[in-house]
Amino acid sequence: MKKILIVTLLLAGCAQEPQLTATRHIVVTPDESMYTCQRFNNWPDTSRLTAAQVSRTIVELYALNEQCYSSQQSIRRFLEEARNRPAQ
């Protein structure tokens, strides 16, 4: 009986150790410069609006919208790259 116990212990000691994997969580925060959605504060006087003023206002709003959309896409790409980056 002692021989069986000793042989069992020896065989158990020779078995491979299980490989452990560790999960590492990394918090990713985009740079503040990516949040560059400016507010439009240059509203013309609405009591006497000309067609040229309306056109300029629309062009300015469109430009600010493009800039904001570009910033949002940059944040999305930044987070996607961070998600796909292998942990170190």
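Just above, that's the structure.
Throughout this description, residue numbers start from 1 for each chain and increase along the sequence as written. Restriction of local features to residues with pLDDT of at least 70 applies here, the model being predicted, together with a cutoff of 80 or more for giving and counting side-chain atom pairs; totals for whole chains, interfaces and linings are based on all residues. Computation of side-chain values: all heavy atoms of the structure, hydrogens and water removed.

Participant: Is there a simple way to explain the overall build of the protein in this structure?
Facilitator: In DSSP terms, a helix is any run of H or I states spanning at least four residues, a strand is any run of E spanning at least two, and both are numbered starting from the N terminus. A tally of regular secondary structure across the protein gives 2 helices and 0 strands. Classification of residues uses two cut-offs on accessible area relative to the type maximum, computed with a 1.4 Å probe and protein chains only: under 20% is buried, over 50% is exposed, and between them is partly exposed. Here the protein holds 88 residues, and the buried ones make up 10% of them.

Participant: Just checking my understanding: could you explain the packing of aromatic side chains for this structure?
Facilitator: Two measures describe an aromatic ring pair: the distance that separates the ring centres and the angle between the ring planes. The criterion for an aromatic pair is that two Phe, Tyr or Trp rings (for Trp, the six-membered ring) have centres within 6.5 Å, with stacked assigned to planes under 30 degrees apart, edge-to-face to planes over 60 apart and tilted to the rest. Taken as a whole and assessed by the stated rule, the structure comprises 1 aromatic pair. Plain terms: the ring middles of Phe40 and Trp43 are 4.7 Å apart, the flat faces sit at 90 degrees to each other, and that makes the pair edge-to-face.

Participant: Help me out: how do you make sense of the state of the cysteines in this one?
Facilitator: By definition, disulfides here are pairs of cysteine sulfur atoms that lie within 2.5 Å. Applying the stated criterion to the full structure yields 1 disulfide. Between the sulfur atoms of Cys37 and its disulfide partner Cys68 the distance amounts to 1.9 Å. Its S-S torsion of about 80 degrees marks the bond between Cys37 and Cys68 as right-handed, since a negative value means left-handed. Taken together, the residues span a long stretch of sequence, with Cys37 in the loop between α1 (2-14) and α2 (51-84) and Cys68 in helix α2 at a distance of 31 residues.

Participant: Which parts of the structure should I look at to understand a nonpolar patch on the surface?
Facilitator: Patch rule: a residue counts if its relative accessible area is over 30% and it has no salt bridge; like charges are joined within 9 Å, and nonpolar side chains (Val, Leu, Ile, Met, Phe, Trp, Tyr) within 5 Å. Computed by Shrake-Rupley with a 1.4 Å probe, the accessible areas treat only the displayed protein chains as cover when residues are assessed. Throughout this description, the term salt bridge denotes a Lys or Arg side-chain nitrogen within 4 Å of a carboxyl oxygen of Asp or Glu. A cluster of nonpolar residues, Ile26, Val28 and Leu79, forms a patch on the protein surface that exposes about 220 Å² of accessible area. The class of Val28 is partly exposed, set by a relative accessible area of 31%.

Participant: Explanation requested: the environment of Arg83 in the structure shown.
Facilitator: Tracing the backbone shows Arg83 in helix α2. Here the alpha-carbon distance between Arg83 and Ile26, two residues 57 residues apart in the chain, equals 9.3 Å.

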